[in-house]
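Each chain is listed here by its residues.
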Amino acid sequence: MTPYVLRRLGTSLIVILGVSLITFLLLHGMSGSPGRAILGVQASPEAVAAFDREHGYDRSLVVQYFDYLGGLLHGDLGHSYKLNRSVNALLAENAGRTAMLSAVALVLAICAAVPLGVFQAVKRGSVGDNVLTTITFVAYSMPVFLLAMLLIQVFAMSLGVLPAQAAQSSSNFVIFTEPRAMLLPVLTLTGITVALYSRYQRSAALDQLAQDYIRVARAKGLSMRLVLTRHLLRNACVPLVTLIGMSIPLLLTGNLVVESVFNYPGLGLLFFNSLNNQDYPVLLGYTLVAATLTVLGNFVADLLVAVTDPRTR
């Protein structure tokens, strides 16, 4: 396992460097002159040129990129000239709320998807399986913003039982202190995730039900409940473990659409506002953090699969 882990770490570092380079070039290519993007169209050419010289934007992209890498090695993601704050501070300020929202939605989705997928596999072809399959397909194919708007229309506009906007508190634990205001964002994230996870869980459970060890366990007289809990569940959850590892980026990057629709002060809303304001240092920092977490999620997923499935080792 040690050489495997070292190879995966090396590959992860190369991927992160590649993402940082591509994102850096794309953002600088779109912005043209960073000084113009930051100072606005009303700024004089002299002011723009002075700003570029002062902050090193008049140098070649190669020099700027290596300066940026040097800052990353010291933990510096840059400075937001629009908000006059460091990117590190902005990301740290919003990361906790996004992590809490996504973590709660992820836990709820797992708790719902595992029994749902196993039930559908055991009852394959039944009315219940067909109904649940239709619901999950519709939810999985539905755009996130559409599900969010439907929930707002039903529970906030028509019934008036829940607020249309998420809680605006700066606390990272607002999801527990103001659960009523956070119910719709959580339901949106959970619904989309359950639709995805349950499909994978159903397929994995169907595959395991056809294996010889399940028939042997049943032939020995074990009840279906014991067969499912003691034998099938661990093996059927291996694909889900991979998906959960891939979901790790959600714990900090969150869902941009959900946070934007519900005006929830997290990383997703920060990215959306920065995109509208052409705040390129924030966009670059956010993208790099998201890429790092995605690579980390892949790495953790591979390790979890190796731990849960001896055949992988």
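Source: prediction; values computed, not measured.

K.L.:
Can you help me understand the packing of aromatic side chains in this one?
P.N.:
To describe a pair of aromatic rings, one takes the distance between the centres and the angle between the planes. With the rule as written, the count across this model stands at three aromatic pairs. On the basis of an interplanar angle of 70 degrees and a centroid distance of 5.9 Å, the ring pair of tyrosine 65 and phenylalanine 66 is categorised as edge-to-face. Among the residues examined, tyrosine 65 registers a relative accessible area of 9% and is labelled buried. On the basis of an interplanar angle of 40 degrees and a centroid distance of 4.5 Å, the ring pair of phenylalanine 271 and tyrosine 286 is categorised as tilted.

K.L.:
Help me understand helix α4 (residues 61-73) in this model?
P.N.:
Side chains of residues three or four places apart in an α-helix project in the same direction, reflecting 3.6 residues per turn. Across its 13 residues, α4 extends 18 Å between first and last C-alpha, which sits within 8% of the 18 Å expected from 1.5 Å per residue. Following α4 by one or two positions, glycine 75 has its phi on the positive side, about 80 degrees.

K.L.:
It is not clear to me how the nonpolar core should be interpreted in this structure. Could you clarify?
P.N.:
One recurring pattern in soluble globular proteins is that nonpolar side chains are buried together. In this structure, Leu101, Ile175, Met182, Leu184, Phe262 and Tyr264 are the most contacted members of the largest nonpolar core, which totals 24 residues. Contributing elements (two or more residues each) for this core: α5 (87-122), α7 (144-158), α8 (174-177) and α9 (179-209). In terms of residues, this core owes the most to one element, α9, which gives six residues. In this view, leucine 101 contacts Ile175, Met182, Pro185, Val186, Leu189, Glu259 and Tyr264; residues no more than four positions away in its chain are not counted. One finds Tyr68, Leu77, Leu90 and Leu283 within the second-largest nonpolar core, a separate group that totals 20 residues.

Quick notes on the rules
- Residues numbered from 1 in each chain as written.
- Predicted model: local features only at pLDDT ≥ 70, side-chain atom pairs only at ≥ 80, totals over all residues.
- Heavy atoms only, no water.
- Phe/Tyr/Trp six-rings, centres within 6.5 Å; stacked < 30°, edge-to-face > 60°.
- Buried < 20%, exposed > 50% of the residue type's maximum accessible area, 1.4 Å probe, protein only.
- Helix = DSSP H or I, 4+ residues; strand = E, 2+ residues; numbered from the N terminus.
- Expected span 1.5 Å × (residues − 1).
- Core = buried A, V, L, I, M, F, W, Y, C linked by side-chain atoms within 4.5 Å.
- Contact = heavy atoms within 4.5 Å.

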